[in-house]
Amino acid sequence: MKKKIGFVLSLLVGLGFYSLPAFALANELPETPLKRLAGYGIGDAVADFKLKNVDGKTVSLNDFASAKGFIVVFISNHCPFSKSYEDRVIDIDKKYSSQGYPVIAINPNDPEAYEEDSFVNMQARAKEKGYTYPYLTDNTQAVTKAFGAMRTPHAFVLNKENGKIIVHYIGAIDDNPQDPFNVTKHFVTDAVNSLLLGKPVVTPTTKAIGCAIKWKT
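Here is a short report on the structure shown in this document. (Residues numbered from 1 in each chain as written. Predicted model: local features only at pLDDT ≥ 70, side-chain atom pairs only at ≥ 80, totals over all residues. Heavy atoms only, no water.)

**Some remarks on the state of the cysteines**
One pass over the structure, following the stated rule, counts one disulfide. The residue that forms a disulfide with cysteine 79 is cysteine 211, at a sulfur-sulfur distance of 2.1 Å. Looking along the S-S bond of the cysteine 79-cysteine 211 disulfide, the torsion reads about 85 degrees, which is the right-handed sense. Taken as a pair, cysteine 79 in the loop between β3 (69-74) and α3 (80-96) and cysteine 211 in strand β9 (residues 211-212) lie far apart in primary sequence, 132 residues in all. (Disulfide = S-S within 2.5 Å. Helix = DSSP H or I, 4+ residues; strand = E, 2+ residues; numbered from the N terminus.)

**Points about the layout of surface pockets**
Quantified by volume, the largest pocket comes out at close to 200 Å³. Forming the walls of the largest pocket are Arg88, Asp91, Ile92, Lys95, Tyr96, Ile173, Asp174, Pro180, Val183, His186, Val188 and Thr189. Mapped onto the lining of the largest pocket, the elements with two or more residues apiece are α3 and α6 (187-196). Tallying contributions element by element places α3 first for the lining of the largest pocket, with five residues. When the residues that make up the lining of the largest pocket are grouped by side-chain class, the tally is six nonpolar, two polar and four charged. (1 Å grid on protein atoms, 1.4 Å probe; cavity = no way out; pocket = protein on both sides within 12 Å on 5 of 7 lines; lining within 4 Å. Points joined across faces, edges and corners; volume = space filled by probe spheres on them. Nonpolar A, V, L, I, M, F, W, Y, C, P; charged D, E, K, R; others polar.)

**Some thoughts on empty space enclosed by the protein**
Evaluation of the coordinates by the stated rule reveals one cavity of 30 Å³ or more. The volume enclosed by the largest cavity comes to roughly 50 Å³. What lines the largest cavity is simply Ile75, Ser76, Asn77, Ser82, Lys83, Glu86, Arg125 and Tyr131.

Here's what the structure looks like:
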């Protein structure tokens, strides 16, 4: 089985599908349905949560009274896939926060497994990059499990409807982790644009590609 996986990875790299570090590819293949946690699905209502932000304050979805919805993205400091999307997530928040769909970023990883994902390092990264959105730590990983997130990055587009917050998209941010200039499908922004127009999301689910979340033992 290991030989087969190694062959597939070699083939992908050889064909130029990925240029991210080889060490990342070794364990960070796209999730499969069998690996998917039981979490929110399309059409489900999301329960509010309270998590600590890098500014030391607690953030809740209910804090955003004027929001029309949310772009919740599970990211991490150490993951090369998250790093490759960092500027894109910042741009998405700058574009859509003013239209009622702010980004809420959550780091789900166990910091004991990846020191780079410690709260102090989260604070440093947010300051260095000038994050325009909350960057929350999920110490208990309860929120991550409720969402069913498996990778970083893993995106969820939510919409407020009749007093509830409903899931309308789950999956990848776009179709090109390695090159933002050659993206052909903008899954998250397409979903938000549809919601802004009052239309159904054409592609409600995709496979998240990124680093596997490190769960606490």
